[in-house]
Amino acid sequence: MRKIAVILILGTLLGGCSISKKLDNTKSEYLTKQLTGNILEDVKGENITNLSFYIEKAEIEVVTEKGTEKYTGNIKFEKPDKYLISLKSRSGIEGARIYISNDSILVNDRINRKLYYANSFYLNKKYGFNLSCLPLIFGDIVLEKGYEENRKKCLENRFKIDCLVKGISLNYEIDCKKRKISSVNDINNYVQQNVRFKYEGFLSIADILIPKIIEFDVNQYNTHMRIKIKKVVCPWSGSIKFIPGRGYELIELV
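These numbers were taken from a predicted model, which means no experiment stands behind them.

Chemist: If you had to explain the overall build of the chain to someone new, which residues and values would you point to?
Modeler: Secondary structure summary: the chain contains three helices and 14 strands in total. By residue count, 51% of the 254 residues in the chain fall in the buried class. Carbon and sulfur atoms provide 47% of the accessible area of the chain, an area that totals close to 13000 Å².

Listed below in structure tokens is the structure:
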């Protein structure tokens, strides 16, 4: 169960004129768009979740006290709030398929033939991580509607802000040249750092910068994760469908 919960926090995560790009040999780029003069507006304009997208391949490494496990996976995002994540072993066997929307979480555990389910408040109630913060996984900034911060200036190419998103305190550090967040901390109960994201190797796709490597620490479980994005389709014109496993045992996440 702990592994499933951590994966849900992580992911809790095919057309047309889309751009499909392998990221291995793409050079890092800085933002080339015309800037608005408002740092936060420029950063929000670089969010990949402004569009639907399909991460066709990602390498995922999970390090815990028990050792290191490696997976491959793909992630589909259908704007505005649907995610479908498939996790496979290194040998290519699919172990889990995870569906997340604004009102439900469903997990097909294909190995044990179990179907886990919960409402959208499960992660927040159990782990203090709100579904509205999932775009952080992809290097996007998440702010409350109408939030503005114009008092601070860039200092040595860094811009730092503190804000609340659905009651969760987030500390952002922004790269002023890239107009992307370089790290973010989730402060649990306004005292203890619970989750930390760090982003590296920014690359351009569909005129948007995305991180190639995402580092993710969950202090509650002494867990470190590393995601390396290998191939992305963006924008993506497909739609997400989740098919529950037939005959699977139903288990509610509480």
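Chemist: Go over the pattern of salt bridges with me, naming the residues and quoting the values.
Modeler: Taken as a whole and judged by the stated rule, the model has 14 salt bridges. Taking the shortest distance from any N to any O, the salt bridge between K231 and E56 comes out at 3.3 Å. One end of the pair, K231, is in strand 13 (residues 223–233); the other, E56, is in strand 2 (residues 53–64), and 175 residues separate them in sequence. Judged by relative accessible area, E56 falls into the partly exposed class, the value being 26%. Measuring nitrogen to oxygen at the nearest pair gives 3.3 Å for the salt bridge that ties E215 to R226. Here E215, found in strand 12 (residues 208–218), pairs with R226, found in strand 13; they are eleven residues apart in sequence, far enough to count as distant.

Chemist: Describe the state of the cysteines, listing the residues and the values that go with them.
Modeler: In this structure the tally under the stated criterion is one disulfide. Disulfide partner of C154: C176, at an S-S distance of 2.0 Å. Here the S-S torsion is close to -105°, and the disulfide linking C154 with C176 is therefore left-handed. Here C154, found in the loop between helix 3 (122–127) and strand 8 (158–165), pairs with C176, found in the loop between strand 9 (168–175) and strand 10 (180–188); they are 22 residues apart in sequence, far enough to count as distant. On the basis of relative accessible area, C154 is assigned to the partly exposed category, the value being 35%. Cysteine C163 is unpaired, with the sulfur of C133 as its nearest cysteine sulfur at 8.7 Å.

Chemist: Give a detailed account of the packing of aromatic side chains, specifying residues and quantitative values.
Modeler: Across all of its chains, the model carries eight aromatic pairs by this definition. Centroid distance F197 to Y199: 6.3 Å. Interplanar angle 0°. Geometry classified as stacked. An aromatic cluster is defined as three or more aromatic residues linked by ring pairs; in this entry it consists of F53, F77, Y83 and F138. Above the face of the Y54 ring, K76 is positioned so that its terminal group lies 5.2 Å from the ring centre.

Chemist: Give a description of the nonpolar core that names residues and reports values.
Modeler: Residues L136, I141, L170, Y172 and F197 are the most contacted members of the largest nonpolar core, which totals 60 residues. If sequence neighbours within four positions are ignored, I141 has contacts with L40, V43, K44, N47, I161, Y172, I174 and I181. L84, V233, W236 and F242 belong to the second largest nonpolar core, which has nine residues in total.

Chemist: Quick one: what's the story with the environment of I174, residue by residue and with numbers?
Modeler: When you line up the elements, I174 lands in strand 9. Spatially, the C-alpha atom of I174 lies 8.8 Å from that of C154, the residues being 20 residues apart in sequence. Not counting residues up to four positions away in its chain, the partners in contact with I174 are I39, L40, V43, I141, N157, R158, F159, K180, I181 and S182.

Each value, and the rule that gives it
Residues numbered from 1 in each chain as written. Predicted model: local features only at pLDDT ≥ 70, side-chain atom pairs only at ≥ 80, totals over all residues. Heavy atoms only, no water. Helix = DSSP H or I, 4+ residues; strand = E, 2+ residues; numbered from the N terminus. Buried < 20%, exposed > 50% of the residue type's maximum accessible area, 1.4 Å probe, protein only. Areas by Shrake-Rupley, 256 points an atom, 1.4 Å probe, with all protein chains shown as cover. Salt bridge = Lys/Arg side-chain N within 4 Å of Asp/Glu carboxyl O. Disulfide = S-S within 2.5 Å. Phe/Tyr/Trp six-rings, centres within 6.5 Å; stacked < 30°, edge-to-face > 60°. Lys NZ or Arg CZ within 6 Å of the ring centre and 35° of its normal. Core = buried A, V, L, I, M, F, W, Y, C linked by side-chain atoms within 4.5 Å. Contact = heavy atoms within 4.5 Å.

Purely spatial values, then, with no claim about function.
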